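Given next are the chains, with one letter for each unit.
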Amino acid sequence: MADLTAEEEDIVVRPMPVGSPGRKSSGWYGILALIVTEASLFVYLLFSYYYTWLWTDGHFLPSRRPDISLSAPDTVILILSSVAVWWGERGIRKRSRWRPPVGIGIAAVLGIVFLVIQAFEWRGKPFRPATDTYASFYFTITGFHMAHVVLGVLILIALFVWSLLGYFDEKRYAPVTIGSIYWHFVDVVWLFIFFTFYVTPYLG
Amino acid sequence: MSAADYEQMPEIRSLADDPGLPDRLKEIWETRPGLYGFIASVDHKEIGIKYLVTAFAFLVLGGLEALLMRIQLAQPGEHVLTPEQYDELFSMHGITMIFLYALPILSGFSNYLFPLVLGSRDMAFPRLNAFSYWVYLAAGLFMYASFLVGAVPNDGWFNYAPFSLKAYDPGPNMDFYALGMIFLGISTTGGAVNFVITVLRLRAPGMSINRIPILVWGTTTISVGILLSVPAVSLAFFLLWMDRQFGTHFYDARTGGQPLLWQHLFWLFAHPWVYIIVLPAMGLVSDALPITCRRPLVGYTLVVLGTVLTMALGFGVWVHHMFATGLPLVASSFFSGASFIITIPSAIAVFAWIATIWTGRPVFTTAFHYFAGFIVMFVIGGVSGVMTASVPADLQLTDTYFIVAHLHYVLIGINLFGVLGALYFWFPKMSGRMMDETLGRIGFWVTFIGFNIAFFPMHLTGLMGMPRRVYTYPADAGWSEVNLISTLGSFLLAIGILLVLVNIVRGLRNGEIAGPNPWDAPTLEWSIPSPPPPYNFALIPAIASRHPLWESRLQEGSGRSMLDRGFVLDHGKETLATSIIDAEPDIILKMPDDSPWPFITTLVMCALFTSLLVRSPVATALAGILTLLCILAWLWPKRRLLQIARPRHG
């Protein structure tokens, strides 16, 4: 422990930041806690899937291996959108006025493209949620993720509007930091889901 | 706007320099009176008391349900309740006590006490705090609304699939429970985030992590546990609801589902939950008991480590609820071993308390009585827990009244008795008045004796083979006498609780004035008036030891805490954030004003969950969009909170 006693002369009184600056804002800590609990949710989802697969006698996976012609490019699109947000956020610190809205805007558009492609992916599946247990898991887990993408896109749109309104400068941009870490989280989760549904069937 | 907005030089003053400060702070921090203030207040003290009152009301409801069941079981072959009503009552009794009473009452204490013992002016997220409370209330009412439509949850709080699937339970009963629990999970999660971040950030300068009171350690530990475990149960209920409403195949073995998946997800959550609803109560006792023994707690560091270790190991014992489900012997043996090991960290506190009493000079207040009773029952409930951790014994005892006895010794012993002791102990701080000690001690003995008469015989009832969850039993089974004794005991216990309520009312009306520190206690909450002013601390103190008000007696540490001088922070609603480990001043936080949005968002979410219950897609979409809009309005950056950049010039 620091040798900190409370005698007045020992307290270093220096100018301190006020309010919500970047990673010192309460919201930054709050979003990290939220991500911990959301990550747990996806761990439990994938646990349920693998548990059920492991304990099922006989066939569990669909007979045809999954087609990755839509989901693979979709994965790349999601990763690119993370890069776009990161680029926009870096722009704030470099005092750029146009980079934040452009980066965030591109990310939001890519997020929407991801959702549209996912909708086609869903429509192309030969099974529906009630077909069998695998199908129930497929639609539930990818559906949970899509719901998070929808929320992430809405957050990005809010950040886009706020950055156009001039709410952020190089010292006040906590909402961008908070929103972008959430977006990165949603993207990382997709990698686990992609691996689970599109890669593991090829490993067997 | 000037550049000074981004940075500020904090001032350190004493009240003698600035006698007008308390009035200025009161003006800034006080909640408006009236209905709007009631709805919009973000004051942690008001929210804490709302939690306490609501949780106590649910305790009374759950208790009445229990009394009805005990009347039914008083004699063999009774017909007070139908089997269906009995199922509904034992389900709602469990749901109420475990989810709507046991944690929320502890959240109430923690909400009230956290900023006071940490030396802060509020919680880290005051609006989220209000939201957590309103969602808790709404989720509780949502589940109780099932009584209005005559479709009360009826498969027990454990709610095993496939029993709870639509084929076997076609009404909306379990949908109330499933959606209600998902709704409640939002409140629990929000509360946990708030506790964790408050501890990390909002401690007084100098309150390094080895100076944090144990009650804070308890609640913080379980809050991390909540963040990791609540998603499991929310997911379990969501999958159940999907199975029931949309024909998915998660739990139904006939269509490829896994019924045991429910049990895994449920107990992955629900065993940690057992520690979640006792560790904060143990924390309250660890802080208050030493004060009634006139000495510091013995073994502070060990108790803290024991608390954290118990929670961590608590995630590795869930399968001991499933020994009878036909799992491989290796799995059962592993989890049995883990269940034996967890007794070690969880018993550390017991030895610390006994040593504290032994080496202290106990003052036999009502609170001390409850704490002593708490220790006795912890030992009994702990020993019967060790018995059931053994696989062969468990195969014999599971689903009998022995388990009912065990879990009530744990939950009433380690939760309710700690809570009642804490109530007698902190009531003077909350109300400014004392509760009556004589009536308090009579109430304690009635509660203690009533509880033991009700539940101790159940060990025997279980060993004699009476199964749980049956609505009646035949006269020749030999269970009649023990059941009658339990019923008589349960009514005595109810009278004891009634005496506590009487004492509360009496104390509020004409209890003796308490003053700031009636127990001569050492921690920060006792350095301010009772009840505390809206801003808690006129000057944010700086801490040099674990017992700031006992320093001159204990000669602890090298320096002296600074209580009469401190950080002023009066440019609007402000409090101090400090660094995580050493608690050095870090930044000045702007705190939000009272806000109606948490309440409005809760109302809209009520509509959302009701739409899901009746499966109306249009209403669900509408309520969902409204919920998002409410959250947007709530989170819109505010210039007053310095969340927005100052306008650019040139």
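For the structure itself, look to the data block above.
Let us look at the structure shown here. All residue numbers here refer to positions counted from 1 along the written sequence of the relevant chain. Labels are handed out in written order, letters beginning with A for the chains and numbers beginning with 1 for the ligands. At least 70 in pLDDT is required for a residue's local features to be given in this predicted model, at least 80 for side-chain atom pairs to be given and counted, and no such filter applies to totals for whole chains, interfaces and linings, which use all residues.

### Remarks on the sheet that holds strand 3 (residues 540-542) of chain B
Residue and element names in this part refer to chain B.
Stage number 1. Read from one edge of the open sheet, three strands run 2-4-3, paired in antiparallel fashion. Both outer strands of the open sheet, strand 2 (12-14) and strand 3, are each paired with one neighbouring strand and no more. With strand direction ignored, the average angle separating the axes of adjacent strands in the sheet is 50°.
Stage number 2. As paired strands, strand 3 and strand 4 (residues 562-567) are joined by two bridges and run antiparallel to one another. By the bridge assignment for strand 4, Ile540 is matched with Phe567. Strand pairing is defined by DSSP finding a minimum of two bridges between the two strands. Numbering goes from the N terminus for both helices and strands, where a helix is a DSSP run of H or I of at least four residues and a strand is a run of E of at least two. Fitting a line to C-alpha atoms yields each axis, with helices limited to the stretch in contact; the angle taken between N-to-C directions then spans 0 to 180 degrees.

### Points about the interface of chain B and chain A
Stage number 1. Two residues qualify as being in contact provided that their C-beta atoms, derived from the backbone, are within 7 Å of each other. The interface of chain B with chain A comprises 63 residues on the first partner and 50 residues on the second.
Stage number 2. When contributions to the side of chain B that touches chain A are tallied by element, the ones reaching two or more residues are strand 1 (7-8), helix 6 (173-201), helix 7 (214-246), helix 8 (259-276), strand 4, strand 6 (585-590) and helix 20 (617-635) of chain B.
Stage number 3. Residue composition of the side of chain B that touches chain A, grouped by class: 36 nonpolar, 17 polar and ten charged. Charged residues are taken to be Asp, Glu, Lys and Arg, nonpolar residues to be Ala, Val, Leu, Ile, Met, Phe, Trp, Tyr, Cys and Pro, and polar residues to be all remaining types, Gly included.

### A few points about the pairing of strand 4 of chain B
Stage number 1. The sheet contact formed by strand 2 of chain B and strand 4 of chain B spans three bridges and is antiparallel. For Ser14(B), the partnering residue across the bridge sits in strand 4 of chain B and is Arg565(B).

### Structural notes on the packing of helix 16 (residues 437-463) of chain B against helix 17 (residues 480-510) of chain B
Residue and element names in this part refer to chain B.
Stage number 1. Axis separation between helix 16 and helix 17 bottoms out at 7 Å; the angle between their running directions is 155°. It follows from the interaxial angle that helix 16 and helix 17 lie roughly antiparallel. In this structure, the crossing between helix 16 and helix 17 has a hand that is left-handed.
Stage number 2. Tallied by class, residues from the contact of helix 16 with helix 17 come to 19 nonpolar, eleven polar and no charged. Roughly parallel refers to an angle under 35 degrees, roughly antiparallel to one over 145, roughly perpendicular to one between 65 and 115, and oblique to any angle outside these ranges. In this scheme the crossing of two helices becomes right-handed for a clockwise turn of the near helix relative to the far one and left-handed for an anticlockwise turn of less than a right angle.

### Quick word on the nonpolar core
Buried together is how nonpolar side chains tend to be arranged in soluble globular proteins.
All names here are of chain B.
Stage number 1. With 245 residues, the main nonpolar core has Val233, Ala236 and Leu265 as its most contacted residues.
Stage number 2. Residue contributions to this core peak at 21 residues, all from helix 4 (residues 83-118).
Stage number 3. Ignoring any residue separated from it by four or fewer positions in sequence, one finds Val233 in contact with Met181, Gly185, Leu265, Phe266, Phe269 and Ala270. Only buried Ala, Val, Leu, Ile, Met, Phe, Trp, Tyr and Cys residues enter a nonpolar core, and they are joined through C-beta atoms within 7 Å. The exposure label follows from counting other C-beta atoms within 10 Å of a residue's C-beta, where the C-beta atoms are placed from the backbone and the thresholds are 20 or more for buried and 12 or fewer for exposed, leaving partly exposed in between.

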